[in-house]
Amino acid sequence: MTSPVVRVRFAPSPTGYLHIGGARTALFNWLFARGQGGQFVLRIEDTDSERSKPELIDVIFRSLEWLGLDWDGTPVHQSERGEMYSAAIDALLATGNAYWCDCTPDAVKARAEARGGQPGYDGHCRERGLGPGEGHVVRFRVPDEGTTAFDDVIRGHVSFENANLEDFVIKRSNGTPMFHLANAVDDADQGITHVVRGEDLINVTPKVLLIREALGTPGELTFAHLPLIVNEKRQKLSKRRDDVSVGDYIDRGYLAEAMVNYLATLGWGPPDGIEIRPLAEIVELFHLEDVNSSGAFFDVKKLQHFNGEYIRDLSLPQFVGKSTRWLYDDAPWPAERFDVATFEVLAPLVQERVKLLSEVPGYVDFVFQPDPTIDEASWEKVMVKAPELAVAVLDHAAGAFADCTWDAATLEVVLFAYSDEHGVAKGKVQAPVRVAVTGRTVGPPLFESLEVLGRDETLRRIAAARARL
RNA sequence: GCCCCCAUCGUCUAGCGGCCUAGGACACCACCCUCUCAAGGUGGCGGCACGGGUUCGAAUCCCGUUGGGGGUGCCA
């Protein structure tokens, strides 16, 4: 077997759920790999045992599966590769590229302040010849001179003066490796060819490069730093202040296809301007070097538009199937009153109206609830503002609906007979009936709704509303 | 403070020296369609941050300014 030309990795840290930024990073890695016929592997960066939560690993996997981003091989867990990292650290120590340090964070900070506020480690233990011991860490000896640079696929040449890099920790006092070290070792061990990640990691790149060099790692890594996804204030999306968990979007009724498609437009655009299109086409058109370098705002409105397009594109069975959890689990009606066959009659009408699957119940709840939930604003607008018309229309409907043929077409004709007789717009005439029967001014087409509801229930609701006037 | 990155409509983008009086999409506005709401159709609003160069010619190349952002942890 020949090694693939391209092998990329997505390396989440299980300190939280998969968020929008991580999903986009995973997607771009995946797009690049699939487009190149390469491999996309996973690596769990859980060297920080304090923060990593094992149970989140599975959540991240499931989110990736939901997005449809399949990975190659078995995910690697850094927490299980301690010996590899220790060996690398020992090698660095042996070659003088690293040294032991017993400075506490407070001491480092205090000296920095004494120096005049320039933060960072001052190399205090560089020549002290310390060995392992309680509270000792291992630091990487950064060359005093020279520059460490790389050619970023997206940003071009990026260069750092080594003098500006401090001697950073590669092994914590508790014995675990820091991520720069693990990163360098794993990228080499897993045969990674391209590192595609967020721009927030661009400044750790020289550290990883320095470690690779000191370790004598053969081959070269190509970097591509993706623009950050930002909030309305143009700050990096944060789990704290922003609403960014992929799981939350699943719960709100977004389709994976819409999410993936939308995410692909953040930092990249197809040359022909057609944004909404099958993933396979995006794979075909996507080129890493075409990715933008400036931050992109996560626009939920546009995501919703994409979602609406994808929902309308579903076949009826697909739409019904995708709606399932909103029809059974948290539906606003008693489970025993729900009937799929009835829902399927209205489903096509609902499908072209919703942008989110979570909106589905709101369009059909009047059918499955014993009584319609009256929306006060709707009642006010239609019944209270124009009581005479409401009374007249309701009385007309009660009479006309009592013995006509019960189908949408006939219902429309008999109700709108009132329009013709009194010269009142159809829109005005349907409103009182709609509010009386469904509780709202907005909903699926009225006559189809009535047909599904049935004559008895329709008349009962009209009478109830009439009594309330 | 220091280091790094970025800069086309409100937003996401196309543009990679002449096809640009800058194209598309979302949002917004108007009109059409219409039983409500959507969907759909038509039209509209709206942008190359600024200043210098380079060039016959710059949104596109270079420099500077300004403005954003990221990093600066024994997090990743």
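Residues numbered from 1 in each chain as written. Chains lettered and ligands numbered in written order. Predicted model: local features only at pLDDT ≥ 70, side-chain atom pairs only at ≥ 80, totals over all residues. Heavy atoms only, no water.

1. Looking at the nonpolar core
Here comes step 1: Ile20, Phe298, Phe319, Phe343, Phe401 and Val433 are the most contacted members of the largest nonpolar core, which has 103 residues in total.
Here comes step 2: Ranked by the residues each element gives to this core, the list is headed by helix α1 (residues 20–36), at nine residues.
Here comes step 3: Apart from residues lying up to four places away in sequence, Phe401 is in contact with Trp406, Leu411, Val414, Leu415, Val433, Leu450, Arg455, Thr458, Leu459 and Ile462.
Here comes step 4: By size, the runner-up hydrophobic cluster in this structure holds 20 residues, among which are Ile89, Leu92, Phe140 and Leu181. (Core = buried A, V, L, I, M, F, W, Y, C linked by side-chain atoms within 4.5 Å. Buried < 20%, exposed > 50% of the residue type's maximum accessible area, 1.4 Å probe, protein only. Helix = DSSP H or I, 4+ residues; strand = E, 2+ residues; numbered from the N terminus. Contact = heavy atoms within 4.5 Å.)

2. Quick look at the protein's contact with RNA strand B
Here comes step 1: Taken together, 68 residues lie near RNA strand B, and Thr47, Arg51, Arg172, Gly267 and Gln430 sit nearest.
Here comes step 2: Sugar and phosphate atoms constitute 69% of the interface atoms of RNA strand B, taking the interface as everything within 4 Å of the protein.
Here comes step 3: Ser173 is positioned with one of its side-chain polar atoms (N or O) 2.9 Å from a base oxygen of RNA strand B.
Here comes step 4: Note that a sugar or linking oxygen of RNA strand B is positioned 3.5 Å from one of the side-chain N or O atoms of Ser293. (Near = heavy atom within 4 Å. Polar contact = N/O pair within 3.5 Å; in protein donor to acceptor, adjacent residues only side chain to side chain.)

3. Remarks on the environment of Gln118
Here comes step 1: With respect to the element layout, Gln118 can be found in the loop between α4 (105–115) and β5 (137–140).
Here comes step 2: The exposure class assigned to Gln118 is exposed, which follows from its relative accessible area of 53%.

4. Let's talk about the layout of surface pockets
To find leftover empty space, one rolls a probe the size of a water molecule over the atoms.
Here comes step 1: Roughly 1200 Å³ of internal volume is contained in the largest pocket.
Here comes step 2: In terms of lining, the largest pocket is formed by 36 residues, of which the most central are Ala11, Ser13, His19, Asp200 and Leu201.
Here comes step 3: Of all the elements in the fold, those that place two or more residues in the lining of the largest pocket are β1 (7–10), α1, α5 (179–189) and β9 (194–198).
Here comes step 4: Tallying contributions element by element places α1 first for the lining of the largest pocket, with five residues.
Here comes step 5: For the lining of the largest pocket, the residue count by class is 14 nonpolar, twelve polar and ten charged. (1 Å grid on protein atoms, 1.4 Å probe; cavity = no way out; pocket = protein on both sides within 12 Å on 5 of 7 lines; lining within 4 Å. Points joined across faces, edges and corners; volume = space filled by probe spheres on them. Nonpolar A, V, L, I, M, F, W, Y, C, P; charged D, E, K, R; others polar.)

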